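Here's the letter readout for the chains.
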Amino acid sequence: MLSPYVREARAEDVPALLPLMRELARFEDYLEDFAVDEVQLMARAFAAEPQCRIFVAEASDRLLGYAVTQELTFTYDLRPTVRLKELYVAPDARCQRLGEQLLAAVARWAKARGAGRLKWDVLAGNQKAERFYQRLGGHPDAKWIAYTMDHSAMTALAEYHCETDCSANAAPA
């Protein structure tokens, strides 16, 4: 096998990206809810105004891993925040420093965008991932607690109508 290299993904990578994305979904236990298909990935990652940026690790015409990022362009210091949404390397391609290369590519892209920070989440209990990120300079953010609202809770909230003066009960976000 040739030495792997990291590059930005191209539209023609989509068919090879989806199996890797499914592997991550299986590992993180959301495969049953995984809904990404080629049409959606093309529309979200390779449209005129993409919603994400994808980097891939490749060798011998085979994708070995990928990283998906999103950019939050407006933040408190007027510098974007780049969020690493997914980082995955196929099991048979691990221990080749591909994760490091992918994360370094993301960091270079974030720096070129003028980002003030790079953020990501680590699956609870994934000590290997925690050690990996800490070795590269990442650290847990004890200041914030991640929250999630599923679709049914979001729908219920969207349909909520305050019976009294709601502004008196509002807490700062």
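Residues numbered from 1 in each chain as written. Predicted model: local features only at pLDDT ≥ 70, side-chain atom pairs only at ≥ 80, totals over all residues. Heavy atoms only, no water.

## Examining the sheet that holds strand S4 (residues 81–89)
- With mixed pairing, five strands are arranged side by side in an open sheet as S1-S2-S3-S4-S5. Edge positions in the sheet fall to strand S1 (5–8) and strand S5 (117–120), since each of these pairs with one other strand and no more. This sheet shows a mean twist of 30° between the axes of neighbouring strands, independent of strand direction.
- Bridge analysis of S4 against S5 gives four bridges, and the strand direction is parallel. Each bridged residue has a counterpart across the sheet, and for Arg83 the counterpart in S5 is Lys119.
- Of the strands in this sheet, strand S2 (53–59), strand S3 (62–72) and S4 touch helix H1 (residues 14–27), which is tilted by about 75° from S3. (Pairing = 2+ DSSP bridges. Helix = DSSP H or I, 4+ residues; strand = E, 2+ residues; numbered from the N terminus. Axes fitted to C-alpha atoms, helices over the stretch in contact; angles between N-to-C directions. Contact = heavy atoms within 4.5 Å.)

## Some remarks on the UniProt feature "domain: N-acetyltransferase" (unreviewed entry) in the protein
- What UniProt calls "domain: N-acetyltransferase" (unreviewed entry) maps, in this numbering, to residues 4–159.
- Between the C-alpha atoms that bound residues 4–159 the distance is 50 Å, and the span itself is 35% helix and 22% strand. (UniProt positions renumbered as here; feature names shortened; annotations may be inferred.)

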